[in-house]
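What follows is the residue order along each chain.
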Amino acid sequence: MPYVITSPCESSRDGSCVDACPVDAIHPSEDEAEFGSHPQLYIDPLTCIECGACAPACPVNAIFAHQEVPASMQSYIEINAAHYQR
Ligand code: SF4
């Protein structure tokens, strides 16, 4: 199951996770034009290979494995996926 970025990212958008991800599954990055128009970063569930590298890189503990997302933040599973629905 993919990893998910949750609400603590909204006050940070640190971007360390982007650098940690080996498959470029986290967007928008700081150098992308849409960075300024989103409250947080998102993980593409179809690209994520579940390596777990992003979670410890996050300074605000916003990233969880899909099955470990806290109950109060379950909506972020869909919020992340929705960002990549085309
Ligand atoms: S778990 Fe690995 S592949 Fe998935 S978003 Fe995090 S760093 Fe990228």
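Residues numbered from 1 in each chain as written. Predicted model: local features only at pLDDT ≥ 70, side-chain atom pairs only at ≥ 80, totals over all residues. Heavy atoms only, no water.

### Considering the side chain of Asp44
Working step 1: Inspection of the secondary structure puts Asp44 in the loop between strand S3 (42–43) and helix H2 (54–57).
Working step 2: Accessibility expressed as a relative area gives 10% for Asp44, which makes it buried.
Working step 3: There is a polar contact of 2.9 Å between the side chain of Asp44 and the backbone nitrogen of Leu46.
Working step 4: Reaching out from Asp44, the side chain makes a polar contact with the side chain of Thr47 at a distance of 2.9 Å. (Helix = DSSP H or I, 4+ residues; strand = E, 2+ residues; numbered from the N terminus. Buried < 20%, exposed > 50% of the residue type's maximum accessible area, 1.4 Å probe, protein only. Polar contact = N/O pair within 3.5 Å; in protein donor to acceptor, adjacent residues only side chain to side chain.)

### Here we look at the nonpolar core
The nonpolar side chains of a soluble globular protein tend to be buried with one another.
Working step 1: The biggest cluster of nonpolar side chains holds 18 residues, and the ones touching the most others in it are Tyr3, Ile5, Cys17, Ile26, Leu41, Ile43 and Ile63.
Working step 2: Only strand S1 (3–5), helix H1 (16–20), H2 and strand S4 (63–65) provide two or more residues apiece to this core.
Working step 3: Those residues within four positions of Cys17 in sequence are excluded, and the remaining contacts are Ile5, Ile26, Leu41, Cys54, Ala57 and Ile63.
Working step 4: One finds Val4, Val69, Met73 and Ile77 within the second-largest nonpolar core, a separate group that totals 5 residues. (Core = buried A, V, L, I, M, F, W, Y, C linked by side-chain atoms within 4.5 Å. Contact = heavy atoms within 4.5 Å.)

In short, shape yes, function no, at least from these values alone.
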